[in-house]
Amino acid sequence: MINQKIDKRISFSIIFMYITLLANYSLKQFLNINNDYQRELVSLFFYIIILFVYLINFKYVLKRISNLILFIMIGFLIIMLFNYILYPDNFKYIDIASIPFSVFSFFTFIFYTSLKNKDIFFILFIQSVYIQSFFSILYFLSIDFNNTIFYSMSYSYYILPLLLLLIWKMFKSFKIIDLFLFLLNLVFLISVGSRGPLVVVMIFLIILFVNKIIKFRNKSQFLISMSLVTLLFLLIININKIIIYLTNILSNRGITSRTISTILDPSSVFLSGRDTVYSYTLDYINKRPILGYGVWGDRKVLSSIDQAYPHNIFLEILMQYGIIIGSLILITLLGLIFYRFLKGSNNKEKYFFAFSLGFLPLLVSGSYLTSYDFWLFLAIFINYNVENRKIK
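The model shown is predicted, which means the values in this text are computed figures rather than measured ones.

Chemist: Just checking my understanding: could you explain the overall build of the protein chain for this structure?
Modeler: Secondary structure summary: the protein chain contains 19 helices and zero strands in total. The proportion of buried residues among the 392 residues of the protein chain is 49%. If you take every contact in the protein chain between residues at least 6 apart in sequence, the share linking residues at least 24 apart comes to 77%.

Chemist: I would appreciate a short explanation of unusual backbone geometry in the present structure.
Modeler: When glycine is set aside, most residues are seen to have a negative phi, and most peptide bonds are trans. Positive phi is not limited to glycine here, since W296 has a value of about 70°. Note that W296 resides in the loop between α15 (274-287) and α16 (297-302). Unusually for a residue other than glycine, H311 sits at a positive phi of about 65°. Note on placement: H311 falls in the loop between α16 and α17 (313-342).

Chemist: How should I be thinking about the pattern of salt bridges in this particular structure?
Modeler: If the charged atoms of two oppositely charged side chains come close together, the side chains can form a pair. Across all of its chains, the model carries five salt bridges by this definition. For D178, the salt bridge is made with K169, and the minimal N-O distance between the two is 2.9 Å. The class of K169 is buried, set by a relative accessible area of 12%. D298 is the partner of R299 in a salt bridge, and the nearest nitrogen-oxygen pair spans 2.7 Å. In this pair, the class of R299 matches that of D298, namely buried. By sharing partners, the salt bridges in this structure join D298, R299 and E316 into a single network.

Chemist: What is the right way to look at the packing of helix α2 (residues 36-56) against helix α5 (residues 99-113) in this model?
Modeler: When two helices pack together, their arrangement is given by the angle between the helix axes and by the axis-to-axis distance. Two numbers describe how α2 lies on α5: the axes approach to 11 Å, and their chain directions differ by 25°. The orientation of α2 with respect to α5, classified from their angle, is roughly parallel. Regarding α2 and α5, the two cross each other, and that crossing is left-handed. On the side of α2, the interface is formed by Y47, I50, L51, Y54 and L55, while α5 contributes P100, F101, V103, F104, F107, T108 and F111. A per-class count over the contact of α2 with α5 returns 11 nonpolar, one polar and no charged.

Chemist: How should I be thinking about the environment of L318 in this particular structure?
Modeler: Inspection of the secondary structure assignment puts L318 in helix α17. Residues within four places of L318 in sequence aside, it is in contact with I285, I323, G326, S327 and L330.

Chemist: I would appreciate a short explanation of the packing of helix α7 (residues 129-141) against helix α9 (residues 160-172) in the present structure.
Modeler: One can describe the packing of α7 onto α9 by two numbers: an axis separation of 10 Å at closest approach and a directional angle of 140°. Here α7 is positioned oblique relative to α9, judged by the angle of their axes. For α7 against α9, the interelement crossing comes out left-handed. Of the residues in α9, those touching α7 at V129, Y130, Q132, S133 and S136 are P161, L162, L165, L166 and K169. Here the residues of the contact of α7 with α9 are counted per class, giving six nonpolar, three polar and one charged.

Chemist: How should the packing of aromatic side chains be read in this particular structure?
Modeler: What describes a pair of aromatic rings is the distance from one ring centre to the other and the angle between the planes of the rings. Here the structure, examined in full by the defined rule, presents 41 aromatic pairs. Taken together, the ring pairs connect Y18, Y47, F101, F104, Y112, F121, F122, F125, W168, F204, F353 and Y372 into an aromatic cluster. When the ring centre of Y112 is taken as reference, the NZ or CZ atom of K118 above it lies at 5.8 Å.

Chemist: It is not clear to me how α5 should be interpreted in this structure. Could you clarify?
Modeler: For α5, built from 15 residues, the straight-helix expectation of 21 Å at 1.5 Å per residue is met to within 8% by its first-to-last C-alpha distance of 22 Å. For α5, every residue scored as buried is listed here: F101, F104, S105, F107, T108, F109, I110, F111, Y112 and T113.

Chemist: Got a minute to help me understand the side chain of H311 in this structure?
Modeler: On the basis of relative accessibility, which here comes to 11%, the residue H311 falls in the buried class. The contacts of H311, once residues within four sequence positions are left out, are R274, V277, Y278, L362, L363, V364 and S365.

Chemist: Whenever I open this one, the side chain of N57 confuses me. Can you help?
Modeler: For N57, the position within the fold is in the loop between α2 and α3 (58-62). What N57 contacts, discounting residues up to four positions off in sequence, is R9, S13 and F111.

Chemist: How do you make sense of the environment of T20 when you look at a structure like this?
Modeler: One can find T20 in helix α1 (residues 2-30). By relative accessible area, which is 5% here, T20 ends up buried. When neighbours within four sequence positions are excluded, T20 is seen to be in contact with F46 and I50. Within the structure, the side chain of T20 is placed 2.6 Å from the backbone oxygen of F16, a separation counted as a polar contact.

Calculation criteria
- Residues numbered from 1 in each chain as written.
- Predicted model: local features only at pLDDT ≥ 70, side-chain atom pairs only at ≥ 80, totals over all residues.
- Heavy atoms only, no water.
- Helix = DSSP H or I, 4+ residues; strand = E, 2+ residues; numbered from the N terminus.
- Buried < 20%, exposed > 50% of the residue type's maximum accessible area, 1.4 Å probe, protein only.
- Contact = heavy atoms within 4.5 Å.
- Salt bridge = Lys/Arg side-chain N within 4 Å of Asp/Glu carboxyl O.
- Axes fitted to C-alpha atoms, helices over the stretch in contact; angles between N-to-C directions.
- Parallel < 35°, antiparallel > 145°, perpendicular 65-115°, else oblique.
- Left-handed = near helix turned anticlockwise from the far one by under 90°.
- Nonpolar A, V, L, I, M, F, W, Y, C, P; charged D, E, K, R; others polar.
- Phe/Tyr/Trp six-rings, centres within 6.5 Å; stacked < 30°, edge-to-face > 60°.
- Lys NZ or Arg CZ within 6 Å of the ring centre and 35° of its normal.
- Expected span 1.5 Å × (residues − 1).
- Polar contact = N/O pair within 3.5 Å; in protein donor to acceptor, adjacent residues only side chain to side chain.

Below, the structure written as structure tokens:
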């Protein structure tokens, strides 16, 4: 019972971070805070609250830190130390605004790995969809479109966990309210968000459908699964008609969606200028294939073309660590993914969720150095059981 309460406190710390970051973004929109300095102060206030919650529960985590996690933490610190010695200029290119997210990534990783009963985390996370939906709706209703294109990449990634959790929740136990909230937030995403999260949502849906079919136990379950897959297939082949219809509805209300506009433009559906970034990144990797440019080194190099990072986790790791070490890291990462997917388990959904939340987005945007989603994904896939240490 004591361990269960501690697991709830640890889980709450991670989930509180997700809710608070969305609340921070939504409330600034709702209160019409547009001044950069004021927005930074509001964000700082919420960051301090998140850090406070992590710190007051850190004492429970310290008692459970395993040798494996301790080894990973020490290894990471050694890598950072060597990078500072070999590439001191790299750290000048660290974006100050991204530091809190790196800190949150650290706490997210060690907090999840310290859980004894990890199912408690997923139960609480799924239960949080309603409060997350409140802040998502609050944000969207606060937008003054004024017949112009309104676009927010940050918002689309903040509501990505919400959309994935709603999908997972419906697969576990279908409720009309969950379907309504999912469709509502999906419209929000299409209206003002970016395409990356939209693609992730579609992939997660397909993965769960396929997994459902594979696991069917009787004819009725099979027929239901096949009906859902057929419906999804019909939606996909009619996607252009649906998008055009949705465009007309939004246009009549003065809303112009950047996501829809780019989807309807075949020349920019996927890359949207990233091909230039990828080309530059590959050129620089070829110039220094063995040693690479060090952690944060990609920021220094790509600043010459006004880009913050490679927008792809494979290129980012290869550029930072070189082809040899970088390839070993990527092979280990991909091996871990395949192992969890292929290993016989009745609870693969949590791995599908973590993969969709923390890994897929990094193929087109974001950086593993500042993505708390990635470090949660990594912690879930490592899935180290602290009870192996026989903690009492």
